[in-house]
Each structure stands twice: as structure tokens, then as C-alpha cells.
Amino acid sequence: MAHGGEDSSHSSPVPVWDPYRRRQFSMNFSNSLSDPYELSYFKTKQKSICMIMAGKVKWVTDIEKSVLINNFEKRGWIQVAENEDWNFYWMSVQTIRNVFSVETGYRLSDDQIVNHFPNHYELTRKDLMVKNIKRYRKELEKEGSPLAEKDENGKYIYLDFVPVTFMLPADYNLFVEEFRKNPSSTWIMKPCGKAQGKGIFLINKLSQIKKWSRDSKTSSFVTQSSKEAYVISLYINNPLLIGGKKFDLRLYVLVSTYRPLRCYMYKLGFCRFCTVKYTPSTSELDNMFVHLTNVAIQKHGDDYNHIHGGKWTVSNLRLYLESTRGKEVTNKLFDEIHWIIVQSLKAVAVSTVPGMLPAIALRLQASHNHESEFAIKTPKIYFLLFEPVMNNDKHCFECYGYDIIIDDKLKPWLIEVNASPSLTSSTANDRILKYNLINDTLNIAVPNGEIPDCKWNKSPPKEVLGNYEVLYDEEMAQSDGPDRDLRSRSGQSSGVKGNRARDSGKPVLTTWK
């Protein structure tokens, strides 16, 4: 009794890590332990716990999804708070803005990695994706690249994979001009910054868009600042149907680095079906159960199936197409899908800036590195500096959700790219797929589940890829040399998927470089 309050004033709390509750608390050893040997034991135990923790990846997430947390815990990783030292942060797109913000951001250390590139929105925001692809096509055209070749109607032969699209309100007059060329066409409007089918609607009359866009007093199109930005795209009104229903593809693509570009395709993608049979009838333009494949919308339909969730695996789609359209046609379709994905990534990987002084180019070329790529075209020497669009931060990787629609002529169209594809599980199979997706992603992004080192070359061995396969490896592609451009459009090599078309011996244009 006599020594209780007096002695406690000289003691200091010792931080103790509780591995079961995954949190730190303080213990005042002098109050709880009177035996010096017992105190020594607990201090030794605390030291050993700290040593064990030192070798474990410390993780944080602001997305509470079981497929994430179960994968972290399976690896024995330690959860910590955001304001503590962490190695791995699986974060939302809102959080990534703060991490890399000039005002509120902070410098990441070499043992910290995150799951988004700083300006991922250059690819994943609907308007910026289209803008960058359009710019990419124009730059290839200026360069004289055969990839930018057009047909007699002025359409790109190899780069026509995004529906005709305009930004509203900025491109309103251009849209009206295009609409009047084919007044019976249907268009789809989407807000630039929303997901899960929110705010989407279809129109087939100018009066419908005028009602949305016109200011009643001035009869002039409202300004960007006073109205949310939208994209308006020509609607694919002839989609490939299975069982009379429209569907799209959700494909997962992992990018470990943009310069050099290295990306992986996940083999276990799926189709998302509408619950109501498709009709191009104008009377059904407002029926989103006919037109939008988003699960967030379809799950509210009367015909939604909670067992299979209106989903079909990509492997089942391949089998169906091979049996109904033939294997060669099916292979060509999937090669074109892979081509679309690679070109969309190339569109944001670099941006070309022509007109360099040769002397400057030569000096830069002498100190060539992966942050600056150069092209020299002969016989007339032409120097081209490639400036980055995407910030290739070494602390980053990203798993994108690509949405592809196939029309009834088996032509694939890129609809959009998602920075945070849903990790919500709508069915048992869905949960297994997404758990395995995260598992395979972590095996590539965090080799051996050890504390990351962002300086590593980000080229994992084939054994750890799981259900991923290399889609494109820029370093390996460049080693093939400039004659690559004479190869088949689908003739991938050196770490790029497939080689079917090249085997046919047709000397047509490659799409991989």
C-alpha cells in the first residue's frame, strides 16, 4: 500500500504488440510485475515480438473487403494504422489523390508500395481515356506510322476501337454536326466521374440532349463549371447476343510498370449479361435492364439470378464462339481484344513531342533511360521525344478492370477502363475468382510476400504468375528490332501473348509495336 502511488510515478509504459488483436497497447510493467526475473522475461518477449514484426509486411487498406483482408492475413502480414509505418497500402482512388497531392502528400520510401498510379485517371476517367487515345492516334499519324493507316472512308484500320465520342459540354457543336449526318442513330451519355452505371441514359433525338443541356434563359449551352461533364458516344446498337441478351466482358489487366510497359492479362475474366432480352426499339431506350450490363443495376431486376449472378466465364464464351463461329474467328477476336488493351496502355504510357533539335536529341539519346524513349526514322532522320502521360511512379502498380463490348460482326469495342474494379462478391464463384485475382496480383506486386523494394526490376518469374499471363513486355518487344512492324497484326512475340497469325506467314502489319 505504501509504495503503490510513489513507485508508479517513476515507471514508464512499455508498448506491447498484441498479434491477435493486431494493435499496440501500453503496459506499465512496474505495476503489474514485481519479480525482476518476470519483468526481464516479458521485456525479452516484447523484443522478440518486435523482431518478428520487423520481417513482416505491414499493411493498410481503406477498402474493407474480405477478399483483400483474407489474402493479407494468409501471408502473415501485420495490419497497422494509416499513421503508422506501413509497407503496403491498398487504397481507394480518393485516398491516392491525397497520398500524391502537392499540398497534403508525402514522400514514399523504397519499402512502400500502393495499388494505383498517381494520375491513373488519364486512363480510367471516361473523357481522358478517349482524349488520350485520340491524341495517340494523331501522333502516330504525324509520325507516319503504318499503325495510323486509314481506309477510303477515313477510318483508322488498326486503331478504330473506341466508339465515336464527344465531351459535353465542350464538344457540343461537333456532336450536333455528327448527329445530323445520321439522325436515326442512338447515343449513350455517361457522366465522366461516376461508375456502376450511375447517371447513364440513351438518346436518339437532339431535343432530348437540348432538354438536358440548354439554359432556358439564354438558349446557350451551359458552361463546364455549371454542369457535370459528360461523354456522349455512338451506341453500339448491334451487340453480339447470346440467348437474345446483351453482354459485355470484364477483363482484368495488371500493369507493373509503364516505362518500360509491362502488363499482364488475367485469364479468369467474365461476361456480364443483361436480365432482359435486347431490342433496338426506341420504346425501350429507357429500360436499363436491356442496355446496361452493370451488376449494380441488373441485380435489382425481377429476372436477376442470384446463383450465377448473370455471369459467364471467358472460357465458356470462347467455347461457345468456337462452336458457333469457328476456332480461327474466335482466336482473331481475342487477339484483337488483347491488341486494344495494349494500345490503350501505350496511349497513356508516353506522349510524343516532335520537332526536337537533333543535337539535343543526340545528347539525350546518349544518356538514354526508361524515362525517355526516342525514335529515329530513316532514311530521313527525324527525332521524336516521348514525354510521359502516366506518372510511372516506382512505388505503384495497378489492376484495371477493362470493359469490352463485342458487336454482331465480332468486332470488339473498348467501352471504359476501371481503376477500382469491384471486389464485392455477388456469388460464390465470384468470391473465389476475386480472391484468386488478389492473390495472383500480390504474388507479382510483392514478390515472395516479403517487404517490398520498389527498386526491383518488376519482372517476376513465370512460376509466380498464377492465372496471369504476360500480355506485353516492352523491353522484350524492342529486342526483336524494327522489322517487327512487318509482321502480323496478331503476331506477338518476346513475352507477348500468342503467335497464331505469324504462323500463317502473312506479312501484314504488327500491332504490338
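The name recorded for the chain in an unreviewed UniProt entry is Tubulin polyglutamylase ttll1, from Limosa lapponica baueri. Entered under Sequence similarities (unreviewed entry) in the UniProt record, the comment concerning the chain runs "Belongs to the tubulin polyglutamylase family." Reading the Subcellular location (unreviewed entry) entry of the UniProt record for the chain gives the comment "Cytoplasm, Cytoskeleton, Cilium basal body".

A. Layout of the nonpolar core. Within the largest apolar cluster, 68 residues are counted, with the highest numbers of intra-cluster contacts made by Leu123, Tyr258, Leu345, Tyr400, Tyr402 and Leu414. At 11 residues, helix H13 (residues 327-349) tops the list of elements feeding residues into this core. When residues of this core are assigned to domains, at least three map to each of domain 1 (51-162 + 239-355 + 389-483) and domain 2 (164-210 + 228-235). Those residues within four positions of Leu414 in sequence are excluded, and the remaining contacts are Met129, Ile133, Phe161, Val162, Pro163, Ile340, Ser344, Tyr402, Asp403 and Ile404. Core analysis: the next-biggest nonpolar cluster, separate from the first, contains 29 residues, Tyr252, Leu423, Ala445 and Leu465 among them.

B. Representation of a negative patch on the surface in the model. Taken together, Glu84, Asp85, Asp111 and Asp453 make up a surface patch of like negative charges. Here Glu84 is to be found in the loop between strand S4 (78-79) and strand S5 (88-90). Judged by its relative accessible area of 32%, Glu84 is partly exposed.

C. Here's a closer look at helix H7 (residues 126-143). For H7, which comprises 18 residues, the first-to-last C-alpha distance of 26 Å matches the rise-based estimate of 26 Å (1.5 Å per residue) to within 8%. Following H7 by one or two positions, Gly144 adopts a phi angle in the positive range, close to 80°.

D. Region of interest: helix H4 (residues 66-74). Val67, Leu68, Ile69, Asn71 and Phe72 are the residues of H4 that are buried. Residues of H4 that are buried in the fold lie against strand S3 (58-61), S5 and helix H15 (428-445).

E. Region of the structure containing unusual backbone geometry. The step from Leu168 to Pro169 runs through a cis peptide bond, and the omega angle for that step is 10°. Residue Pro260 is reached from Arg259 by a cis peptide bond, and omega for that bond is 0°. Its location among the elements puts Pro260 in the loop between strand S12 (245-258) and strand S13 (261-266). Unlike most non-glycine residues, Leu410 shows phi in positive territory, near 60°. You can see Leu410 is positioned in the loop between strand S19 (398-406) and strand S20 (412-418). Its identity as a non-glycine residue notwithstanding, Asn448 has a phi of 60°, on the positive side. Tracing the chain through its elements places Asn448 in the loop between H15 and strand S21 (468-473).

F. Main features of the pattern of salt bridges. Applying the stated criterion to the full structure yields 15 salt bridges. In this structure, the salt-bridge partner of Asp127 is Arg125, at a minimum N-O distance of 2.8 Å. By relative accessible area, which is 13% here, Asp127 ends up buried. One salt bridge in this structure joins Arg250 and Asp403, with 2.7 Å as the shortest N-O distance. Placement of Arg250 in strand S12 and of Asp403 in strand S19 is noted, with a sequence separation of 153 residues between them. Residue Arg250 shares its accessibility class with Asp403, and that shared class is buried. It is possible to trace a salt-bridge network through shared partners that takes in Asp248, Arg250, Arg272 and Asp403.

G. Inspection of the side chain of Arg262 at higher detail. Along the chain, Arg262 turns up in strand S13. For Arg262, the side chain forms a polar contact with the side chain of Asp473, separated by 3.2 Å.

H. Here's a closer look at the packing of aromatic side chains. Scanning all chains against the criterion turns up 21 aromatic pairs. Considering the side-chain rings of Phe175 and Trp187, the 5.0 Å spacing of their centres and the 85° angle between planes classify their relative orientation as edge-to-face. Of this pair, Phe175 sits in helix H8 (residues 172-181) while Trp187 sits in strand S8 (residues 187-191), and the two are 12 residues apart along the sequence. Looking at Trp187, the relative accessible area reads 2%, which means it is buried. With 5.9 Å between their ring centres and 75° between their planes, Phe273 and Trp312 make a pair best called edge-to-face. Taken together, the positions of Phe273 in strand S14 (residues 270-273) and Trp312 in strand S15 (residues 311-313) put the pair 39 residues apart, joining distant regions of the chain. Among the residues examined, Phe273 registers a relative accessible area of 13% and is labelled buried. Classification of Trp312 by relative accessible area gives partly exposed; the value is 26%. Among the aromatic side chains, those forming a connected cluster through ring pairs are Trp59, Phe72, Trp77, Phe88, Trp90 and Phe397. Here the guanidinium or amino end of Arg75 rests over the ring plane of Trp77, the centre of that ring lying 5.9 Å away. Geometry around Trp413 places Lys411 over its ring, the cationic atom sitting 4.7 Å from the centre.

About the criteria used
Residues numbered from 1 in each chain as written. Predicted model: local features only at pLDDT ≥ 70, side-chain atom pairs only at ≥ 80, totals over all residues. Heavy atoms only, no water. UniProt positions renumbered as here; feature names shortened; annotations may be inferred. Core = buried A, V, L, I, M, F, W, Y, C linked by side-chain atoms within 4.5 Å. Buried < 20%, exposed > 50% of the residue type's maximum accessible area, 1.4 Å probe, protein only. Helix = DSSP H or I, 4+ residues; strand = E, 2+ residues; numbered from the N terminus. Domains from an automatic or database assignment. Contact = heavy atoms within 4.5 Å. Patch = residues over 30% accessible without salt bridge, like charges linked within 9 Å, V, L, I, M, F, W, Y side chains within 5 Å. Areas by Shrake-Rupley, 256 points an atom, 1.4 Å probe, with all protein chains shown as cover. Salt bridge = Lys/Arg side-chain N within 4 Å of Asp/Glu carboxyl O. Lys, Arg positive; Asp, Glu negative; His and termini not counted. Charge placed at Lys NZ, Arg CZ, Asp CG, Glu CD. Expected span 1.5 Å × (residues − 1). Polar contact = N/O pair within 3.5 Å; in protein donor to acceptor, adjacent residues only side chain to side chain. Phe/Tyr/Trp six-rings, centres within 6.5 Å; stacked < 30°, edge-to-face > 60°. Lys NZ or Arg CZ within 6 Å of the ring centre and 35° of its normal.

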